[in-house]
Amino acid sequence: MAFSRTAALECLRRAHEQDRLAHAYLISGPPGSGKQRLAAELASLVNGTQPSDIFSTKAREIFIAQPESKSRRIVIEQIRDLEHALQMRAANGRQKVAIISDADRLQSQAANAFLKTLEEPPKNSLLLLLSALPEALPETILSRCIEIPLAPDGKRQNKAEEEKLVKLLQQTAREPSWSIQYAYRLAQEFQHLLRSMREQIQRETDQAFKHEQARYKDSTDGAWLEEREEYYKALAESLYLQQRAALVETLVAWWSDVLRANSKVERRELPAAQKETVAMAKRLNTTDILRRIRCLEDLRDHLGRNIQEALAIEVAFLTIFGATNKE
């Protein structure tokens, strides 16, 4: 589950007040999710420096590592400098904070060196890793950090597609009966929403890559551009999988609301569709609803195991929407 930046900060603030902050966090999320801002706010919380000064030369006991070499990678020399700074005693009792931006750009030697710091963090230090592609980080590093996944701009990036899906489900609830043909058409509509999301993600990542090409083409080696192209391809796929999962969760939320209505529970995950979920609950019994929810859980599992997407969706929709409502 991705958090808004403000919700994540509030959780971290409470942990700090209760002296329960971990020593290392991985702040992940797509471009625009506010990773740097959250890192600055958290660093300010424990260090006292103003958030606006965290990434500036005004900051004290704040140590930053980010891609700076010609290859746009974080090299081992940067990590050694950071480790040396963390070993120094902090002035005025300040807590030391190390921030690694674009942590997925750590060279393998740099990652191995930083792993030692994660395993034996210096006293009074907080380690923050930022990444839009945490999957690229070694498992040894991931396992030693608490991940804080952020949603873009504090919102779910595929909100428009989720709203379209809810409207589609509302229309479905008004159908007097369902058929195999109707279920297949719904599956196609769902896959159309997925294609729209993928195309939007591709446009955004292509634009980001072109921006980096224009900015760094004269100051980096040729291999870097090839690496960044592969990076953005991997990022696009990662973002798509996250948003596809969110769309499946909307289906789960819909049928969960139907179950709540069937059980006379007032809470709703999709309050805008309450009328339709109540109507659906009157047409199905508890066993029928639970069977559909289990089918969605199977779909979630199949997609997570990389079973062919279109086939998994069609099978699930035929099971969920292919039978008449008069059961």
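As a reminder, the structure under discussion sits directly above these lines.
What you see as residue numbers is a count from 1 along each chain, following the sequence as written. Reporting in this predicted model follows two pLDDT cut-offs: at least 70 for local features of residues, and 80 or more for side-chain atom pairs to be given and counted; totals over whole chains, interfaces and linings ignore these cut-offs and use all residues. Just so you know, side-chain values use all the structure's heavy atoms and leave hydrogens and water out.

A. Seen up close, the overall build of the chain. Counting from the N terminus, the helices are the DSSP runs of H or I reaching at least four residues and the strands are the DSSP runs of E reaching at least two. Scanning the chain for helices and strands turns up 11 helices and 5 strands. Overall size of the chain, expressed as C-alpha extent along the three principal axes, is 70 × 50 × 30 Å. For every residue, the accessible area obtained with a 1.4 Å probe (protein chains only) is divided by the maximum for its type, and the residue is called buried under 20%, exposed over 50%, and partly exposed between those limits. Expressed as a percentage of the 327 residues in the chain, the buried residues total 48%. Contacts in the chain between residues far apart in sequence, at least 24 positions, make up 76% of those at least 6 positions apart. The charge count treats Lys and Arg as positive and Asp and Glu as negative. His and the chain ends do not count. We put the charge of a Lys on NZ, of an Arg on CZ, of an Asp on CG and of a Glu on CD. Between the centroid of the 48 positive side chains of the chain and the centroid of its 46 negative side chains there is a distance of 5 Å. Throughout, a contact is declared for two residues whenever any of their heavy atoms are within 4.5 Å.

B. Region of interest: helix α3 (residues 76–87). In this scheme, a helix's expected span is set at 1.5 Å multiplied by one less than its residue total. Over its 12 residues, α3 runs 17 Å from end to end, which matches the ideal 16 Å to within 8%, given 1.5 Å per residue. Listed as buried for α3 are I76, Q78, I79, L82, E83, A85 and L86. Buried residues along α3 sit in contact with β2 (62–65), β3 (96–100), α4 (108–119) and β4 (125–131).

C. Structural detail: the sheet that holds β4. A strand pair is defined by DSSP finding two or more bridges across the two strands. Taken together, the 5 strands give an open sheet; going across it, the order is β2-β3-β4-β1-β5, and neighbouring strands pair in parallel fashion. Edge positions in the open sheet fall to β2 and β5 (146–149), since each of these has one partner strand only. Going across the sheet, the axis of each strand differs from the next one's by a mean of 20°, ignoring polarity. With 4 bridges joining them, strand β1 (residues 24–28) and β5 adopt parallel strand pairing. Bridge pairing in β5 links I27 to I148. Angles here are taken between N-to-C directions and fall from 0 to 180 degrees, while the axes themselves are lines fitted to C-alpha atoms, restricted in helices to the stretch in contact. The strands touched by α4 are β1, β3 and β4; relative to β4, the strand with the most contacts, the crossing angle is about 135°.

D. The pairing of β4, seen in detail. The element β4 is largely enclosed, with a buried count of 7 among its 7 residues. Neither face of β4 is open: one carries S125, L127, L129 and S131, the other L126, L128 and L130, and all of them are buried. Of the strand pairs in this sheet, β1 and β4 are connected by 5 bridges, and their pairing is parallel. Counterpart to A24 in the pairing with β4 is L127. Two elements, β3 and β4, share 5 bridges in a ladder whose sense is parallel. Considered in β4, the bridge of I99 is made with L128. For crossovers, right-handed means that the path from the first strand over the helix to the second runs clockwise, given strands pointing away from the viewer. One crossover worth recording links β3 to the parallel β4 by way of α4, and it is right-handed.

E. Up close: helix α6 (residues 159–174). Here α6 is 16 residues long and its end C-alpha atoms lie 23 Å apart, about the 22 Å a rise of 1.5 Å per residue gives. Taken as a whole, α6 has its buried residues at E161, E162, L165, V166, L168, L169, Q170, T172 and A173.

F. Spatial organisation of the packing of aromatic side chains. Pairing of aromatic side chains here covers Phe, Tyr and the six-membered ring of Trp, requires ring centres within 6.5 Å, and sorts the geometry by plane angle: under 30 degrees stacked, over 60 edge-to-face, intermediate tilted. Tallied over the full model, the rule gives 5 aromatic pairs. With a centroid separation of 5.3 Å and 40° between ring planes, the pair formed by F190 and F317 is classed as tilted. Here the residue F190 occupies a position in helix α7 (residues 180–216), and F317 occupies one in helix α11 (residues 309–321), the gap between them amounting to 127 residues. Plain terms: the ring middles of F317 and F321 are 5.4 Å apart, the flat faces sit at 45° to each other, and that makes the pair tilted. In this pair, F317 and F321 are both assigned in helix α11, 4 residues apart and thus about one turn of the helix distant. The burial state of F317 is the same as that of F321; both residues are buried. An aromatic cluster is defined as three or more aromatic residues linked by ring pairs; in this entry it consists of W178, F190, W255, F317 and F321. Put simply, a charge is over a ring when the Lys NZ or the Arg CZ is close to the ring centre, within 6 Å, and near the line of the ring normal, within 35 degrees. Note that R198 overlies the ring of Y240, its terminal NZ or CZ placed 3.7 Å from the centroid.

G. Region of the structure containing unusual backbone geometry. Positive phi, normally seen in glycine, also occurs at D19, with a value near 60°. Structurally, D19 is set in the loop between α1 (5–17) and β1.

H. The environment of I54, seen in detail. Following the sequence through the fold, I54 ends up in the loop between α2 (35–47) and β2. Considering only alpha carbons, one finds I54 and L251, 197 residues apart in sequence, at a separation of 41 Å. Non-local contacts of I54, meaning those with residues more than four positions away in its chain, are made with A40, A43, S44, T49, A59, I62, I64 and I99.

I. Quick peek at the nonpolar core. Side-chain atoms within 4.5 Å link the members of a nonpolar core, which is a set of buried Ala, Val, Leu, Ile, Met, Phe, Trp, Tyr and Cys residues. Ranked by internal contacts, the top residues of the largest apolar core, which has 50 residues, are L165, F190, W254, W255, F317 and F321. Put simply, the parts of the chain that give this core at least two residues each are α6, α7, α8 (222–262), α9 (274–283), α10 (286–304) and α11. Residue contributions to this core peak at 15 residues, all from α8. Beyond its immediate stretch of four places on either side in the chain, W254 contacts L169, Q170, A173, L270, A273, E276 and T277.

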